[in-house]
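Secondary and tertiary structure notes
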Amino acid sequence: MNDVFSGKKELLEAALNPECCDLVVEGNLVNVLTGEIYEGCVGVKHGKIVYVGNEEIKNRNLIKTSYYVVPSFIDGHVHIESSMLPPSEFAKIAVLHGTCAVVADPHEIANVLGVSGIKFMLSDSRNLPVDFYFNVPSCVPSTEMFETSGEISAVEMKKLKKMDRIIGLGEVMNFPGVLNCDKKLAEKIRVFDSMVVDGHCPGLIGRKLNAYSVYCHSDHESTNYEEAVEKLRIGMWLMIREGSAAKNMSILKDIIRNGIDTRRCMIVTDDIHADDLSLGHLNLRLSKAVEIGADPVDAIRMTTLNTAEYFNLKNLGSISIGKDANISIVKDLKNFRVEKVFFKGKLASSNGNLTVKIKKTKTKFKNVMNVNKNFSFKIPAKEKTNTRVIKIIEGEIRTKEIIKEIKPKNNSLESNTAKDIIKISVIDRHKGINYSNAFVTGFGIKKGAIASTIAHDAHNIIVIGADDESMKKAVNELIRIHGGIAVAGEKIYSLPLPIAGLMSNNTKEVIQKLKVLNKEATKLGVKIHSPFMTLSFLALPVIPELKITDKGLVDVRKFKFTDLIIKNFN
């Protein structure tokens, strides 16, 4: 053959003679390109798909199934750190559920360790049965003025952009900075001018949304149909999120009911805990999508073809010639129970068991608990006050601001468990300088305290509790274990997260102890699902309405700090 074809000679020969393929899978093919489901064969050579047809092929590596053969799934927006596992451990679970690729934004670890944290994620995600692609975090910190964390400059971003598997710029959370042409932010966006720029614009509509989408191409923060369809109409890509805390799949039901095309929609998890991941990944989201009315092929497109096209991942997205042979066999198109997963033509999992070996992370990390122990939970007040309170909304990461009258005890405002008005505090763990106190409602806690070093996105210490003493015990436990999650009740329970106070390479311990911590939190009176994930987002000052950071209470609607106590309330 001509030299032009020399690099693909064996692929060409296998396409002409699929009997020589390394692998042939025969079953009910789900073709996301044509929308068809039909009996057929897929031939694989050197990890690439070289044959798709319906001939009967005699091959010693033939796998025949009566089940469905689908392209393996792609999670287009996930923060791996939220699983509390590094990429190498995340992959062990995700691949069991048919996921063979993710697009991750490592801004959690970047806020703690800076560029070195991103390099760790790149290193730890090599040679796995899941392809990890990364967007460089755009907002480290998420905003310039509201919190204490690490920082990544445009100059550092230029270097990161050149690294393998970097495919774009991570979610631009500082949407006021985009609209106001913030110089630093503009420099960062300019670095990725020819690449995908992920968006993050909760509640943005009209002219402001139009202006924002000039630079940012997608959004995963829509919580209602009107907001979502407006983004689709102006040409943005819509990521429909269904994670551990934020659950927005109801949007898809309205999209289907109103006959809106889903070709620019993706289903993503954003943030998912390890215990939830162990039960299922995108396969469970697909099941839910079909349950609410999605056509199975359209649903699969939202976790395969659509995602690959948005991110320009030309090697992924469909069972078609030239693509990586990332193929899953699922038992049905209702529950999407995964039987086998092939990663680049090699069997990666079978009947819920991993069939490849993955090395454990061995990197040592510095102590990331630089805490000034002179922090205090006291909120001075001599008379009853009208106080701003953060009201959580279960199933969302948005909050509401409500006003409550609180009477002081011993010249200090305290938690009132009878009215579910609980003290919340954020303590800087990076520079050991700041701390702030406020109140939250919606958890239902009656006694004790829960605390974590997972507090988006700066990941300072966040704690809520029925009394100051319990809160102090929970925080001191976090300091003792060098970061993690703690519950302080009659006894103290904790989960150490030695990788930046965010992750652990002990998957079994993470899943088991998370179950224990959730159970113990329930004993304290906590009544919501996924309390630690919900708690972690109360410190994120780019999601409306009211949030708390180590520097104070933030009115996200105005993008300004606001007073806890209202002095002149009418």
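On a predicted model such as this, the values are computed, not experimentally measured, just so you know.

Rules of the game
- Residues numbered from 1 in each chain as written.
- Predicted model: local features only at pLDDT ≥ 70, side-chain atom pairs only at ≥ 80, totals over all residues.
- Heavy atoms only, no water.
- 1 Å grid on protein atoms, 1.4 Å probe; cavity = no way out; pocket = protein on both sides within 12 Å on 5 of 7 lines; lining within 4 Å.
- Points joined across faces, edges and corners; volume = space filled by probe spheres on them.
- Helix = DSSP H or I, 4+ residues; strand = E, 2+ residues; numbered from the N terminus.
- Nonpolar A, V, L, I, M, F, W, Y, C, P; charged D, E, K, R; others polar.
- Domains from an automatic or database assignment.
- Contact = heavy atoms within 4.5 Å.
- Buried area = accessible area lost by both parts, 1.4 Å probe.
- Salt bridge = Lys/Arg side-chain N within 4 Å of Asp/Glu carboxyl O.
- Polar contact = N/O pair within 3.5 Å; in protein donor to acceptor, adjacent residues only side chain to side chain.
- Phe/Tyr/Trp six-rings, centres within 6.5 Å; stacked < 30°, edge-to-face > 60°.

Turning to the layout of surface pockets, a few remarks are in order. Within this model, the largest pocket holds a volume of roughly 290 Å³. For the largest pocket, the lining is made up of 14 residues, of which Ser123, Asp124, Lys359, Lys360 and Thr361 are closest to its centre. With 3 residues, the single largest contributor to the lining of the largest pocket is helix α4 (residues 115-124). Classifying every residue of the lining of the largest pocket by side-chain character gives 3 nonpolar, 5 polar and 6 charged.

Okay, the domain arrangement of the chain next. For interface size, the figure often reported is the accessible area lost on association. Examined at the domain level, the chain breaks down into domain 1 (10-71 + 319-350), domain 2 (72-316) and domain 3 (379-561). The C-alpha centroid of domain 2 is placed 28 Å from the C-alpha centroid of domain 1. Domain 1 puts 26 residues into the contact, and the matching count from domain 2 is 24 residues. Summing the contributions of domain 1 and of domain 2, the shared interface buries around 2,000 Å²; its carbon and sulfur component is 63%. Taken together, the connections running from domain 1 to domain 2 amount to 1 salt bridge. Between domain 1 and domain 2 we count 10 residue pairs in polar contact (both at pLDDT 80 or more) in total. When residues of the side of domain 1 that touches domain 2 are traced back to their parent elements, those giving at least two are β1 (23-31), β4 (62-71), β13 (327-330), β14 (338-343) and β15 (346-350). Top contributing element to the side of domain 1 that touches domain 2 by residue count: β14, with 4 residues. Partitioning the side of domain 1 that touches domain 2 into residue classes produces 14 nonpolar, 7 polar and 5 charged.

A separate point is the packing of aromatic side chains. Remark: the centre distance and the inter-plane angle together describe each pair of aromatic rings, the angle taken between the planes. This model, assessed by the stated rule, comprises 7 aromatic pairs. Ring geometry for Phe146 versus Phe559: centroids 5.4 Å apart, planes at 70 degrees, classification edge-to-face. With Phe146 in the loop between β7 (131-136) and α5 (154-161) and Phe559 in the loop between β26 (552-555) and β27 (560-562), this residue pair connects regions lying 413 residues apart in the sequence. When the centroid spacing of 5.0 Å and the interplanar angle of 90 degrees are considered together, the rings of Phe146 and Phe561 count as edge-to-face. Taken together, the positions of Phe146 in the loop between β7 and α5 and Phe561 in strand β27 put the pair 415 residues apart, joining distant regions of the chain.

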